[in-house]
Amino acid sequence: MAKNYRIAPSILSADFARLGEEVRNVIAAGADIVHVDVMDNHYVPNLTVGPLVCEAIRPVTRALIDVHLMVRPVDRIVPDFAKAGANIISFHPEASEHVDRTIALIRDHGCKAGLVLNPATPLSYLDHVIDKLDLILVMSVNPGFGGQKFIPQALKKLAAVRSRIDASGRDIWLEVDGGVKVDNIAEAARAGADTFVSGSAIFGTRDYMATIAAMRAELARAEKQ
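Scope of this entry: the structure provided in the associated data block. (Residues numbered from 1 in each chain as written. Predicted model: local features only at pLDDT ≥ 70, side-chain atom pairs only at ≥ 80, totals over all residues. Heavy atoms only, no water.)

### Some details on the sheet that holds strand 3 (residues 64–70)
- Pairing in this open sheet of eight strands is parallel, and the strands run 1-8-7-6-5-4-3-2 from one edge to the other. One side of each edge strand has no neighbouring strand; the edge strands of this open sheet are strand 1 (6–9) and strand 2 (33–39). For this sheet, the mean angle separating the axes of adjacent strands, direction not counted, is 25 degrees.
- In the sheet, strand 4 (residues 88–91) pairs with strand 5 (residues 112–117) via four bridges, with the strands oriented parallel. Residue isoleucine 88 lies in a different strand from strand 5, and its bridge partner there is lysine 112. (Pairing = 2+ DSSP bridges. Helix = DSSP H or I, 4+ residues; strand = E, 2+ residues; numbered from the N terminus. Axes fitted to C-alpha atoms, helices over the stretch in contact; angles between N-to-C directions.)

### A word on the side chain of asparagine 118
- Positionally, asparagine 118 belongs in the loop between strand 5 and strand 6 (135–139).
- Overall, asparagine 118 belongs to the buried group, its relative accessible area being 11%.
- Ignoring sequence-local partners within four residues, the contact set of asparagine 118 consists of Tyr43, His92, Glu94, Met139, Pro143 and Lys157. (Buried < 20%, exposed > 50% of the residue type's maximum accessible area, 1.4 Å probe, protein only. Contact = heavy atoms within 4.5 Å.)

### What to know about helix 8 (residues 208–224)
- With 17 residues, helix 8 should cover 24 Å at 1.5 Å per step; its first-to-last C-alpha distance of 25 Å lies within 8% of that length.
- Those residues of helix 8 not exposed but buried are Tyr208, Thr211, Ile212, Met215, Leu219 and Ala222. Across the axial projection of helix 8, the buried residues extend over an arc of 95 degrees, all falling on one side. Exposed positions of helix 8 whose direction lies more than 90 degrees from the buried face are Met209 and Lys224.
- Contacts made by the buried residues of helix 8 are with strand 1, helix 1 (19–28), helix 6 (185–191), strand 8 (195–198) and helix 7 (200–203).
- At the N-terminal end of helix 8, a side-chain oxygen is found 3.2 Å from the backbone nitrogen of methionine 209, two or three residues along, and the residue is aspartate 207. (Expected span 1.5 Å × (residues − 1). Arc of directions from axis to C-beta. Polar contact = N/O pair within 3.5 Å; in protein donor to acceptor, adjacent residues only side chain to side chain.)

### Some points on the environment of aspartate 40
- Its location among the elements puts aspartate 40 in the loop between strand 2 and helix 2 (51–57).
- Setting aside residues no more than four positions away along its own chain, aspartate 40 makes contact with Asn46, Leu47, Met70, Val71 and Arg72.
- For aspartate 40, the side chain forms a polar contact with the main-chain nitrogen of tyrosine 43, separated by 2.7 Å.

### Considerations on the pattern of salt bridges
- In total, this model carries twelve salt bridges according to the counting rule given.
- Of the charged contacts, one joins arginine 18 and glutamate 21 as a salt bridge, the two residues approaching to 3.5 Å between their closest N and O atoms.
- Given the relative accessible area of 34%, arginine 18 is considered partly exposed.
- Exposure remark for glutamate 21: the relative accessible area of 39% places this residue in the partly exposed category.
- Ionic pairing is found between lysine 132 and aspartate 100, a salt bridge with its closest N-O pair at 2.4 Å. Remark: aspartate 100 occurs in helix 4 (residues 99–108) and lysine 132 occurs in the loop between strand 5 and strand 6; sequence separation between them is 32 residues.
- Residue lysine 132 is classed as partly exposed on the basis of its relative accessible area, which comes to 28%.
- Assessed through its relative accessible area of 36%, aspartate 100 is described here as partly exposed. (Salt bridge = Lys/Arg side-chain N within 4 Å of Asp/Glu carboxyl O.)

### Comments concerning the state of the cysteines
- Enumeration over the complete set of coordinates arrives at zero disulfides.
- With no disulfide of its own, cysteine 111 lies 8.6 Å from the sulfur of cysteine 54, the closest cysteine sulfur. (Disulfide = S-S within 2.5 Å.)

### What about the nonpolar core?
- By size, the foremost hydrophobic cluster in this structure holds 66 residues, and its most contacted members are Val36, Val67, Leu69, Ile89, Ile136, Val161 and Phe196.
- Among all residues touching valine 161, those that are not within four sequence positions of it are Leu117, Leu123, Leu126, Ile136, Val138 and Leu174.
- If you look at the next biggest cluster of nonpolar residues, it comprises ten residues, including Ile33, Ile88, Val116 and Trp173. (Core = buried A, V, L, I, M, F, W, Y, C linked by side-chain atoms within 4.5 Å.)

### Here's the deal with the layout of surface pockets
- Considering only enclosed or pocket space, the largest pocket measures out at about 370 Å³ in volume.
- As for the largest pocket, its lining consists of 27 residues, of which Gly146, Gly147, Gln148, Gly178 and Gly179 are closest to the centre.
- When residues of the lining of the largest pocket are traced back to their parent elements, those giving at least two are strand 2, strand 8 and helix 7. (1 Å grid on protein atoms, 1.4 Å probe; cavity = no way out; pocket = protein on both sides within 12 Å on 5 of 7 lines; lining within 4 Å. Points joined across faces, edges and corners; volume = space filled by probe spheres on them.)

These results come straight from atomic positions and should not be treated as a statement about function.
Set out below in structure tokens:
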């Protein structure tokens, strides 16, 4: 049975002067999810968007809004993004004093919960919480900036996380974020990813539909191999 692959363009690379139009266009071009990268210039060395931007794009699309919180402390801001219309909220375990509590907070506010693993974050964080997660996000770059190159070691990490998900018997999405493009999306899929965040590789092209179609063609090829 074919896998259900999801493409999630990151609005970090969109034209913010016409953000609503960008969101409409990329979903119309065949994307599945709107990915929102939230950076605080504290946990990561960059500053991006807050709940007001999430609230602004919520009426523009029926697509899922996937919020990736790169902030510390994380618990304070979770309710604000839930109220702003997020469907999925992911966070880094290093940014939480109590990982289990943060997961519960996200779910209590009606959102699906995700845990994000940086390139050097150990998989042991999953040992006692995988049964409560809806999504696991493997970073294939160090967080903080868009446009970085994919770290090949992430493929091994994706495969290891996929094994844990399969062993759990739960329907947990495995997302990959960082340097994902047409040339390497198939490798990430073969390693076990089913959800692909891509920023500049989509928004940096003139034809979103052609780029997303090329990504899906690569995913279909990976499925046959």
